[in-house]
Amino acid sequence: MSPTENPPLSAYRRREQSITLSPLEDPHDGAPGETSDELLTLNFGPHHPATHGVLRLLVTLQGEVVRDIKPIIGYVHTGIEKTAEDKAYWKVIPVVERMDYLSYYFNAMAFCGAVEKLVEVEVPKRGQYLRVIHLELNRIASHLIWLGTSALDLGAVSIFLYCLREREQILDLFEMSSGQRMHTRYFQVGGVIEDIPAGFASKLREFLKVMPERADEYGAILNSNEIVLQRLRGTCPLDAATLLGLGVSGPLLRAAGNPWDLRKADPYCSYEDFDFKIPVGTVGDNYDRFAVRLAEIYESVKIIEQALDGLPEGPHITEDRKVALPPRHELATSMEALIHHFKLVTEGFRVPPGEVYNAIESPRGELGCFVRSDGSSKPARVHMRDPSFVNLQALSHMARGNYIADMVATVAMLDPILGGIDR
Amino acid sequence: MPDATGLELLAQELGEAALETVYFREQATIVIDPAEVRAVLRSLREAGYSFLASVHGVDYYPEEPRLGVVYELLDMSRVDRIAVKLRVGMDSPEVDSVTAEWPTADHQEREVFDMFGVVFRDHPDLRRILMPEDYEGHPQRRDFPVGGEPVIFTRDAAEWLEARE
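The rules behind the values
- Residues numbered from 1 in each chain as written.
- Chains lettered and ligands numbered in written order.
- Predicted model: local features only at pLDDT ≥ 70, side-chain atom pairs only at ≥ 80, totals over all residues.
- Axes fitted to C-alpha atoms, helices over the stretch in contact; angles between N-to-C directions.
- Helix = DSSP H or I, 4+ residues; strand = E, 2+ residues; numbered from the N terminus.
- Parallel < 35°, antiparallel > 145°, perpendicular 65-115°, else oblique.
- Left-handed = near helix turned anticlockwise from the far one by under 90°.
- Contact = placed C-beta atoms within 7 Å.
- Nonpolar A, V, L, I, M, F, W, Y, C, P; charged D, E, K, R; others polar.
- Pairing = 2+ DSSP bridges.
- Expected span 1.5 Å × (residues − 1).
- Buried ≥ 20, exposed ≤ 12 C-beta atoms within 10 Å, placed from the backbone.

Colleague: I'm lost on the packing of helix α5 (residues 125-153) of chain A against helix α6 (residues 158-178) of chain A in this one. Help?
Modeller: Residue and element names in this part refer to chain A. Where α5 contacts α6, the axes come no closer than 8 Å and their chain directions differ by 160 degrees. Here α5 lies roughly antiparallel to α6, going by the angle between them. Seen along the crossing, α5 lies across α6 with a hand that is left-handed. Counted together, L137, I140, A141, L144, I145, L147, G148, T149, A151 and L152 of α5 and I159, F160, C163, L164, E166, R167, I170 and L173 of α6 form the full contact between these two elements. The class makeup of the residues in the contact of α5 with α6 is 14 nonpolar, two polar and two charged.

Colleague: Sorry if this is basic, but what is going on with the interface of chain A and chain B here?
Modeller: Where interface size is given, it is often the accessible area lost as the parts come together that is meant. The interface is formed by 31 residues belonging to chain A together with 24 residues belonging to chain B. Counting only elements with at least two residues in the side of chain A that touches chain B, the list comes to α2 (80-84), α4 (104-119), α9 (240-245), β6 (354-362), β7 (365-373), β8 (379-385) and α15 (387-391) of chain A. Taken together, the residues of the side of chain A that touches chain B sort by class into 12 nonpolar, nine polar and 10 charged.

Colleague: Looking at this model, I keep getting lost on the sheet that holds β6 of chain A. Mind explaining?
Modeller: Strand-to-strand pairing in sheets goes through backbone hydrogen bonds, with the strands running parallel or antiparallel. All names here are of chain A. Strand order in the open sheet formed by three strands is β6-β7-β8, with antiparallel pairing between adjacent strands. The sheet terminates laterally at β6 and β8, the two strands that pair on one side only. Going across the sheet, the axis of each strand differs from the next one's by a mean of 15 degrees, ignoring polarity. Most of the contacts of α4 go to β6, to which it runs at about 145 degrees, and overall it touches β6, β7 and β8.

Colleague: Hey, could you run me through the pairing of strand β3 (residues 65-72) of chain A in this one?
Modeller: Successive side chains on a regular strand alternate, one facing one side of the sheet and the next facing the other. Pairing geometry for strand β2 (residues 56-62) of chain A and β3 of chain A, over seven bridges, is antiparallel. Bridge pairing in β3 of chain A links L58 of chain A to K70 of chain A.

Colleague: Got a minute to help me understand unusual backbone geometry in this structure?
Modeller: Both trends apply: most residues other than glycine have a negative phi, and most peptide bonds are in trans. Residue Y61 of chain B is joined to P62 of chain B through a cis peptide bond whose omega torsion reads 0 degrees. Along the chain, the position of P62 of chain B falls in the loop between β3 (51-59) and β4 (67-75). For the bond from E64 of chain B to P65 of chain B, the omega torsion is -10 degrees, close enough to zero to count as cis. A positive phi angle is found at S270 of chain A, which is not glycine, with a value near 65 degrees. Here the phi dihedral of E26 of chain B falls at roughly 60 degrees; this positive angle occurs in a residue that is not glycine. Of note, E26 of chain B is situated in the loop between β1 (18-24) and β2 (27-32).

Colleague: Is there a simple way to explain helix α12 (residues 286-309) of chain A in this structure?
Modeller: Quick reminder: α-helices carry 3.6 residues per turn. Residues three or four places apart thus point the same way. End to end, α12 of chain A covers 36 Å across 24 residues, agreeing with the expected 34 Å (1.5 Å per residue, within 8%). Most of α12 of chain A is tucked away: 17 of the 24 residues are buried.

Colleague: Hey, could you run me through the environment of G401 of chain A in this one?
Modeller: All names here are of chain A. Structurally, G401 is set in the loop between α16 (394-399) and α17 (404-414). Residue classification places G401 among the partly exposed residues on the basis of 15 C-beta atoms within 10 Å. Sequence separation of G401 and V65 is 336 residues, and the distance between their C-alpha atoms is 5.9 Å.

In C-alpha cells form, the structure reads like this:
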C-alpha cells in the first residue's frame, strides 16, 4: 500500500461518514423524510422502571415520535373481585384495600360506603371526621409517592428521598391509629375500628406544621429546575372535552380546567363541613397535572386541620350491634354482646338484597364501588370502577404525535397504579 | 339523583325501550331492552347525562336472563346519577357496543367481555383485557369455581424442556 493511497475505511468509519449533520426535520410538521418513514414497534415494559408497575405498552414509533400506544394490562390481576364474592362483607375490606395499593383508605371507603348504603347504617359524626383525617393523610401519602417517582422519571433523583421522608411520617401516624402502616383495615362498615390513641393528635399537628413547608420546598426545587420544566411545560396536553369522553376524572381532568371534584360536587363523609379549594389548571399539559397535585397537598392539609380542630365527641363506630363488633369490655359482662360478636365473626351480617353504586374522590379520580347483594352475608358482586383503569385509556390520546421522552413524562403524570388497574 | 317521579318521567320518555324502573336507596335505575341500548344512552345524553362513569357486568345466576350490564351515567351540571341496566340470556349474550359514542366504554366493555362473556357487537377491539389471551372461561361468572387454577408457567416450562431435548 503506497503512503498516498487512503486506507480502506472500516465499517464504523463508513457509517460515521454517511451521517449528514444537517438539522433533522421537525417531525411535528409532517412530511417525514426517507429515514423516519419506517415504523418501529417497541415493547415498553412490562418490567420497566418508568411504567410505575407492571404495565406493558406496545408503542409504535416513527423515528422518535409516538404514533400509537396500546396498553397491555393484566399482569398483576389477582381476581380480587372474585375473591370478594367468597367472603363475608366485613372480611372483604382487607381484600379490596389491596387493589390500589397507594390509596388503601379510599378503596375501603368506597366499599364501606356502598355497604352502608345497602344496610342503611348511619356513621357517627366522629367516625366520619376520623375517616376524613385518614383519607386526606392517605391522599397526601399517595401524592408524595407520585411526586417522588415522577420526579425520578424526569431525572430529579433527590426529591424521591425527600418525599419518602414525609410519607414515613404519615405511615407512622397510620401505625399509631390502626397498628398497620399499609392496608390498615381501619375503616369498618359503620365507622372506624378504633378511636385515635392518646398522642395521635399532637403528632398529627406536628406533621401538619411541617408538611406545607416541605411542599413549598418541593415546589421550589422542581419549579426552578430547567430540565423538569422543559419536560413538563406544554407537553402532551389534552382538552377537557376529550378527557370527559374518555371518562377521565380527578387531577387529570382538573388540570384541563374542569373543577369536577366529588368532595365538593357530591359531598360524602361530612366533606361539606370543611372549607377547601379545588386547584385547577388551564391548558391541561403535564405541568398543570403536576401543579394541580402539588396544590392538592396544601388543601388536604387544610382539611385535616379543620377536621382535627372540629373533631366531635361521641362514638367512632355505629352502635348498631348487628353490623359493628361490640366493644371488648362488653364481652365479659353481656351475653347479648357475646352472641352478636359470635354471629359477626362467624357468619357476618346479612345485607338486604339490592344494588348500589358508591363513588368517592380518590387521589386519581372517581373511585366507584358497585355492590350487589342477594340477601346473604356475602356480596354477590363487587366491582371497583378504578380511576387508573379508566384514565389509562387517555394515554394514547395524550402522547400520540409527541416524542417518546414526553410519553415517559406523561405516564408519570398520569399516575397509574397497576394494582388498581388489574385488580 | 332523580327522585322517584323524575325517574318515571325519564322512563316514560324512553317509551317501550324502558322495561322497568327501580328506585332503591335513593338511586335510580332503568332496566331497558338490550336491543335499544345505544338509542337509550343517546337520549339520556341529550337529557344531560353526558358522562359515562362506569360499566359493570353482573351475573344473576341462577336467574334468567342471566347476565347483566350496568351503565352508570352522570350529569355533572346537576350532579345527578342514573344507572341503565340490561339483561341478556346465556343463549345469545350479545349487546351493541357503545364505544363509538362513549370512548371510555372501550376498556370497560372489554373487561365485561373478559369476565362474563358478554359479546359487544361492533366493538373496535374486543379481546380479553385482564386474563391471558388463551384463557378459557369467564371467571367472574357465579358458576365459575374459586381456586384450582393450573399454573401456566410450569406447564410451559415442561413443553419447552421437551422441545429442547
